[in-house]
Amino acid sequence: MLKLEKFEIRQTDFALSADMVLEPRTKYAVIGPSGAGKSTLLNAICGFISLSGGRLLWQGSDITQADPADRPMTMLFQDNNLFPHLSVQQNVGLGLRPDLRLQRDEKDRVAQALARVGLQDHADKRPGALSGGQQSRAALARVLVQARPLVLLDEPFAALGPALRNEMLDLVQSLIEETGAALMMVTHAPQDVRRIADQVIFVEGGRAHAPQPAAALMDNPPPELRAYLG
Ligand SMILES: Nc1ncnc2c1ncn2[C@@H]1O[C@H](COP(=O)(O)OP(=O)(O)OP(=O)(O)O)[C@@H](O)[C@H]1O
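Residues numbered from 1 in each chain as written. Predicted model: local features only at pLDDT ≥ 70, side-chain atom pairs only at ≥ 80, totals over all residues. Heavy atoms only, no water.

An unreviewed UniProt entry lists the protein under the name Thiamine transport system ATP-binding protein, with Sulfitobacter brevis as the source organism.

Engineer: Help me out: how do you make sense of the domain arrangement of the protein in this one?
Structural biologist: A common way to report how large an interface is uses the accessible area buried once the components associate. What the domain assignment lists for the protein is domain 1 (1-72 + 151-230) and domain 2 (82-147). Each partner contributes residues to the interface: domain 1 has 12 residues there, and domain 2 has 9 residues. Roughly 880 Å² of surface becomes buried between domain 1 and domain 2 when both sides are summed, with 73% attributable to carbon and sulfur atoms. Its largest share of buried area at the contact with domain 2, domain 1 owes to Met 168, Leu 171 and Leu 175, together 46% of the area lost on that side. Summed over the shared surface of domain 1 and domain 2, the number is 2 residue pairs in polar contact (both at pLDDT 80 or more). In terms of residues, the side of domain 1 that touches domain 2 owes the most to one element, helix 5 (residues 162-179), which gives 9 residues. In terms of residue class, the side of domain 1 that touches domain 2 is built from 8 nonpolar, 2 polar and 2 charged. (Domains from an automatic or database assignment. Contact = heavy atoms within 4.5 Å. Buried area = accessible area lost by both parts, 1.4 Å probe. Polar contact = N/O pair within 3.5 Å; in protein donor to acceptor, adjacent residues only side chain to side chain. Helix = DSSP H or I, 4+ residues; strand = E, 2+ residues; numbered from the N terminus. Nonpolar A, V, L, I, M, F, W, Y, C, P; charged D, E, K, R; others polar.)

Engineer: How should I be thinking about the site of the ligand in this particular structure?
Structural biologist: Taken together, 13 residues lie near the ligand, and Ser 34, Gly 35, Lys 38, Thr 40 and His 188 sit nearest. The contact in question runs from an oxygen atom of the ligand to an N or O atom on the side chain of Lys 38, over 2.7 Å. Between the ligand and His 188 there is a distance of 2.8 Å, counted from an oxygen atom to a side-chain nitrogen or oxygen. When the free accessible area of the ligand is taken as 640 Å², the share hidden by the protein chains comes to 59%. If you tally residues by element for the shell around the ligand, the top one is helix 1 (residues 38-46), at 3 residues. Across the shell around the ligand, the residue classes break down as 3 nonpolar, 8 polar and 2 charged. (Near = heavy atom within 4 Å. Areas by Shrake-Rupley, 256 points an atom, 1.4 Å probe, with all protein chains shown as cover.)

Engineer: How should I be thinking about the UniProt feature "domain: ABC transporter" (unreviewed entry) in the protein in this particular structure?
Structural biologist: Here the UniProt feature "domain: ABC transporter" (unreviewed entry) sits at residues 2-230. Secondary structure within residues 2-230 divides into 35% helix and 24% strand; the distance between the first and last C-alpha atoms comes to 32 Å. (UniProt positions renumbered as here; feature names shortened; annotations may be inferred.)

Engineer: How do you make sense of the environment of Glu 5 when you look at a structure like this?
Structural biologist: Structurally, Glu 5 is set in strand 1 (residues 2-11). Separated by 205 residues in the primary sequence, Glu 5 and Ala 210 place their C-alpha atoms 11 Å from one another. Not counting residues up to four positions away in its chain, the partners in contact with Glu 5 are Ala 18, Asp 19, Gly 54, Arg 55 and Leu 57.

Engineer: Is there a simple way to think about the nonpolar core in this case?
Structural biologist: Grouped burial of nonpolar side chains is what soluble globular proteins tend to show. Within the largest apolar cluster, 44 residues are counted, with the highest numbers of intra-cluster contacts made by Leu 114, Leu 140, Val 172, Leu 183 and Val 193. Considering each element in turn, this core owes the most residues, 7 residues, to helix 4 (residues 132-146). Shared between two domains, this core holds at least three residues of each, these being domain 1 (1-72 + 151-230) and domain 2 (82-147). Each residue touching Leu 140, except ones within four places of it in the same chain, is listed here: Leu 76, Val 117, Phe 157, Met 168, Leu 171, Val 172 and Leu 175. Counting 31 residues, the second-largest nonpolar core is a separate cluster that includes Val 30, Ala 36, Ile 45 and Ala 182. (Core = buried A, V, L, I, M, F, W, Y, C linked by side-chain atoms within 4.5 Å. Buried < 20%, exposed > 50% of the residue type's maximum accessible area, 1.4 Å probe, protein only.)

Engineer: Got a minute to help me understand the side chain of Ser 17 in this structure?
Structural biologist: Among the secondary structure elements, Ser 17 is positioned in strand 2 (residues 14-22). Side chain to side chain, Ser 17 and Arg 207 meet in a polar contact 2.7 Å long. Ignoring anything within four residues of it in the chain, the contact list for Ser 17 reads Phe 7, Glu 8, Gly 206, Arg 207 and Ala 208.

Engineer: Explanation requested: the packing of aromatic side chains in the structure shown.
Structural biologist: Pairs of aromatic rings are described using the distance from one ring centre to the other and the angle between the two planes. All told, the structure shown has 1 aromatic pair when counted by the stated rule. Summarising the aromatic geometry, the rings of Phe 202 and Tyr 228 are spaced 6.2 Å apart at their centres and angled 40 degrees between planes, so their arrangement reads as tilted. In this pair, Phe 202 sits in strand 9 (residues 199-204) while Tyr 228 sits in helix 8 (residues 223-229), placing the two residues 26 residues apart along the sequence. Note on Phe 202: relative accessible area 5%, which makes it buried. (Phe/Tyr/Trp six-rings, centres within 6.5 Å; stacked < 30°, edge-to-face > 60°.)

Right, dumping it as structure tokens:
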């Protein structure tokens, strides 16, 4: 599905390489020490950072130079990227049309996505009037309407408390399974890995290592992963 072929990223004094294939309908946790390059990897896959070498292939087509908007993926950042001056409904609608001139069927899709994440009664509120968990739900609704085959989450729920974070992870897991998307999620929490991931991509020492089965890896981590997990 998505192939990182001799992927090379260079940013001033930082370099990261990767060579891997990401499969459909699979949930990948991206873990590794602070500053190892996890966010950089996701940003390069999304096209926010250019490669210095290698290619990105989607179903065999070269998308290395494609605009972020034309790629088969959507990314959710830690701060949720909600616009404070727009309503929840409009924020979700942006996932379909940046000019917000939604057709009737698109409005229906927004309403369905809001209902799916339990925000049907909050559609007209501004994000500032929502709790942290509700803001995360609104951001997930926008990911949902985009319906892209790969969803990238960069420490999406780090600001939430443990119970709410688990609730959001379970919601992500359900949404991903319902839509048939694949997921790549950066996290620092080993319990998140166990909760959600099928495979783990360990980023360390300038390399994003090829995915390995999550349960086996967490049960028996190699020395460098053991050192990171503590
Ligand atoms: N715009 C930039 N220009 C140059 N170097 C950068 C830039 N952004 C990040 N870096 C460097 O790239 C490296 C990787 O950063 P990145 O944010 O990807 O790490 P991370 O693994 O996501 O860290 P954390 O877990 O702390 O979020 C760091 O050494 C950082 O200083």
